[in-house]
Amino acid sequence: MTSAVTGEVSTTATGTVSAADAAACASRGEEVRQLAVRVAVCADHADAVIAHLARLELQTWESPAGRAYRTALSLQAASLRRSRNALQDAAAVVRRHAQNVVLSSGRPGY
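Residues numbered from 1 in each chain as written. Predicted model: local features only at pLDDT ≥ 70, side-chain atom pairs only at ≥ 80, totals over all residues. Heavy atoms only, no water.

**Comments concerning the pattern of salt bridges**
(1) Moving on: This structure, assessed with the given rule, holds three salt bridges.
(2) Moving on: Residue Arg-33 is joined to Glu-30 by a salt bridge in which the shortest nitrogen-to-oxygen separation is 2.7 Å. Taken as a pair, Arg-33 and Glu-30 lie in helix H1 (residues 19-55) at a separation of three residues, close to a single helical turn.
(3) Moving on: For Arg-33, a relative accessible area of 30% translates into the label partly exposed.
(4) Moving on: Between Asp-47 and Arg-84 there is a salt bridge, with its nearest N and O atoms 2.6 Å apart. With Asp-47 in helix H1 and Arg-84 in helix H2 (residues 64-104), this residue pair connects regions lying 37 residues apart in the sequence.
(5) Moving on: According to the relative accessible area criterion, Arg-84 is buried, its value standing at 15%. (Salt bridge = Lys/Arg side-chain N within 4 Å of Asp/Glu carboxyl O. Helix = DSSP H or I, 4+ residues; strand = E, 2+ residues; numbered from the N terminus. Buried < 20%, exposed > 50% of the residue type's maximum accessible area, 1.4 Å probe, protein only.)

Structure below.
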């Protein structure tokens, strides 16, 4: 069985991974892979919001209020881009972890 704290796979007295442990690791690997997909979807949603913000900039609004509005939108878009990048990085890390979980069960990765 995989230890949630150490990430180690328990073995039998002969040093091999039991079938039950391998199945548990494979199942856990699938759960982690699904988490990676959900994180990637969140990054895609952030992209959609960034695109929507770009359409809201109102470039023809020349007043000081218009400039302040565009500045505020630019700051929010920059923050969202950083968040999207972090989500994309997180999805990649979680995908790699899912592969490692599956490989630790003795089965080939995805």
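Having seen it, we continue.
**Examining the environment of Gly-29**
(1) Moving on: Residue placement: Gly-29 occurs in helix H1.
(2) Moving on: Gly-29 sits in the buried class, given a relative accessible area of 0%.
(3) Moving on: Sequence-wise, Gly-29 and His-97 are 68 residues apart; in three dimensions their C-alpha atoms are separated by 8.0 Å.

**Considering the confidence of the model for the protein chain**
Interpretation of the predicted coordinates at a detailed level should be avoided for regions scoring low in pLDDT.
(1) Moving on: Per-residue confidence for the protein chain gives a mean pLDDT of 80, with 73% of residues at or over 70.
(2) Moving on: Note that residues 1-12 has pLDDT below 50 and, in this model, 18 contacts with residues that lie over four places away or in other chains. (pLDDT = per-residue confidence, 0-100. Contact = heavy atoms within 4.5 Å.)

**Some thoughts on the side chain of Arg-70**
(1) Moving on: Mapped onto the secondary structure, Arg-70 falls in helix H2.
(2) Moving on: Here Arg-70 is buried and forms no salt bridge, its nearest opposite-charge partner Glu-62 lying at an N-O distance of 4.9 Å.
(3) Moving on: If we skip the residues at most four places from it in the chain, Arg-70 touches Glu-57, Leu-58, Gln-59 and Trp-61. (Lys, Arg positive; Asp, Glu negative; His and termini not counted.)

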